[in-house]
Amino acid sequence: MISAGVQFFPSADSIGPAEFAAAAEDRGFESVFFPDHTHVPVGGGVPGWSSGADLPEYYRTLLELVVVLAAAVAVTTRIRVGSAVCLVPQRDPIILAKQIATLDQLSHGRMVLGVGAGSNPEELHNHGTDPDRRFAVLRERIEAMTAIWAQPEAAYHGEFVRFRSLWSWPKPVQRPRPPILLGGSGPRVLDRVVAYADGWMPFREGTQQITDHPSGEIEDFEAGLAARIRALRDKASAAGRPHLPVTLFNACPHPAALERYRVMGIERVVFWLPTQDATATLRTLDELTPLVGK
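Residues numbered from 1 in each chain as written. Predicted model: local features only at pLDDT ≥ 70, side-chain atom pairs only at ≥ 80, totals over all residues. Heavy atoms only, no water.

> Explanation requested: the layout of surface pockets in the structure shown.
One water molecule sets the probe size; rolling that probe over the atoms shows where empty space is left. Considered as a void within the structure, the largest pocket measures approximately 760 Å³ in volume. At the level of secondary structure, the elements contributing two or more residues to the lining of the largest pocket comprise β3 (80-87), β4 (111-116), α6 (134-150), β7 (180-183) and α7 (189-196). The biggest single contributor to the lining of the largest pocket is β3, with three residues. Among the residues forming the lining of the largest pocket, the class breakdown is 20 nonpolar, twelve polar and five charged. (1 Å grid on protein atoms, 1.4 Å probe; cavity = no way out; pocket = protein on both sides within 12 Å on 5 of 7 lines; lining within 4 Å. Points joined across faces, edges and corners; volume = space filled by probe spheres on them. Helix = DSSP H or I, 4+ residues; strand = E, 2+ residues; numbered from the N terminus. Nonpolar A, V, L, I, M, F, W, Y, C, P; charged D, E, K, R; others polar.)

> Help me understand the pattern of salt bridges, please; the structure alone is not making it clear to me.
Side-chain pairs of opposite charge can arise where the charged atoms are in close proximity. Per the counting criterion, the structure on display carries 14 salt bridges. Between D36 and R91 there is a salt bridge, with the nearest N and O atoms lying 2.9 Å from each other. Here R91 lies in the loop between β3 and α4 (93-106) and D36 lies in the loop between β2 (31-34) and α2 (57-60), a separation of 55 residues in the sequence. For R91, a relative accessible area of 12% corresponds to the buried category. The closest approach of N and O atoms between R139 and E143, which form a salt bridge, is 2.8 Å. One end of the pair is R139 and the other is E143, both in helix α6 and four residues apart, which spans about a single turn. A relative accessible area of 28% means that E143 is categorised as partly exposed. Three or more residues joined by partner-sharing salt bridges are found here, namely D36, E64 and R91. (Salt bridge = Lys/Arg side-chain N within 4 Å of Asp/Glu carboxyl O. Buried < 20%, exposed > 50% of the residue type's maximum accessible area, 1.4 Å probe, protein only.)

> In this structure, what is going on with the environment of V173? I would like to understand it.
For V173, the position within the fold is in the loop between β6 (162-166) and β7. Since its relative accessible area comes to 40%, V173 is described here as partly exposed. For the pair V173 and A101, spaced 72 residues apart in sequence, the C-alpha separation works out to 7.6 Å. Each residue touching V173, except ones within four places of it in the same chain, is listed here: D104, Q105, H108 and G109. (Contact = heavy atoms within 4.5 Å.)

> Would you mind going over the nonpolar core with me for this structure?
The nonpolar side chains of a soluble globular protein tend to be buried with one another. Residues V6, Y261, V269 and F271 are the most contacted members of the largest nonpolar core, which totals 75 residues. If you tally residues by element for this core, the top one is α6, at seven residues. V40, L62, V112 and V270 belong to the second largest nonpolar core, which has 14 residues in total. (Core = buried A, V, L, I, M, F, W, Y, C linked by side-chain atoms within 4.5 Å.)

> What should I look at first to understand the packing of aromatic side chains in this one?
Between two aromatic rings, the relevant description is the distance of the centres plus the angle of the planes. Under the definition given, this model contains eleven aromatic pairs. Aromatic pair F8 and F20: ring centres 4.4 Å apart, planes at 40°, arrangement tilted. Linking F8 in the loop between β1 (3-7) and α1 (17-26) with F20 in helix α1, this pair joins segments that are twelve residues apart in sequence. For F8, a relative accessible area of 0% corresponds to the buried category. When the centroid spacing of 4.8 Å and the interplanar angle of 50° are considered together, the rings of F9 and Y59 count as tilted. Here F9, found in the loop between β1 and α1, pairs with Y59, found in helix α2; they are 50 residues apart in sequence, far enough to count as distant. As far as the burial class goes, F9 and Y59 line up, both buried. Members of the aromatic cluster, each reached through a chain of ring pairs, are F9, Y58, Y59, F203, F249 and W272. (Phe/Tyr/Trp six-rings, centres within 6.5 Å; stacked < 30°, edge-to-face > 60°.)

Take a look at the structure:
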């Protein structure tokens with residue numbers, strides 16, 4: 001059986017994150033995820049960098065991730081609450097470590113930290129991160145946060161993150177840390193998952209979305225994904241890592257597809273819902289509910 005979660009981009013005009021999380025929990029979903037963008041660059045400042053005008057409106061009106069996570073945690077008791085994904089190279093690791101540990105305490109150990117390096121160069125640049133070094137920054141900040149979570153007195157001395165011994169509480173309920181799922185599908189992603197994450201969160205490359213009522217037919221990306229999951233198992237075993245679970249983001253909401261994902265070895269799927277008002281969103285959740293437990 002595959003665990004089923006849901007995600008959407010919450011905005012000032014959409015269903016609220018608290019209502020969304022509570023509704024997902026009431027319908028039996030295992031998890032709820034929220035995305036992260038501190039801002040959207042207008043573009044044009046640096047030649048060749050993408051423009052915010054090319055992005056959907058819901059990117060520009062997105063609510064702040066940590067506040068959204070807190071709202072979801074406050075109104076739920078069972079559902080896991082996570083980020084998909086938190087752009088760690090755009091956040092201070094000492095502050096983020098405390099925020100995530102606090103959320104894990106308040107949720108009694110229900111946090112899932114999906115992370116990514118970011119893909120918008122100007123967005124990274126505005127946070128003082130060199131886009132070409134973003135994966136190195138990501139790794140150091142995860143290692144630094146892990147030290148803070150796991151150790152009573154933590155220090156870290158890297159190229160991008162440096163701090164002398166410090167105290168930081170609370171510690172997360174989940175030890176040594178909440179599960180960290182690395183998003184992405186680049187050529188080195190599996191090595192990065194094995195090196196410093198607790199699972200992989202690839203993105204489904206199919207074109208049909210929830211509102212298209214997908215047919216469930218085999219999609220082109222599936223053969224490649226199955227091969228990469230097998231490669232992840234081999235790499236983890238060779239490195240002496242325990243089982244590293246796979247969460248498929250933007251999964252196809254069809255029983256036939258879910259069965260194929262299960263055979264591949266995927267443990268969790270996350271359905272990406274459109275950014276809509278409460279009435280439309282709750283209707284979509286109702287349509288997806290029969291897939292829970294498939």
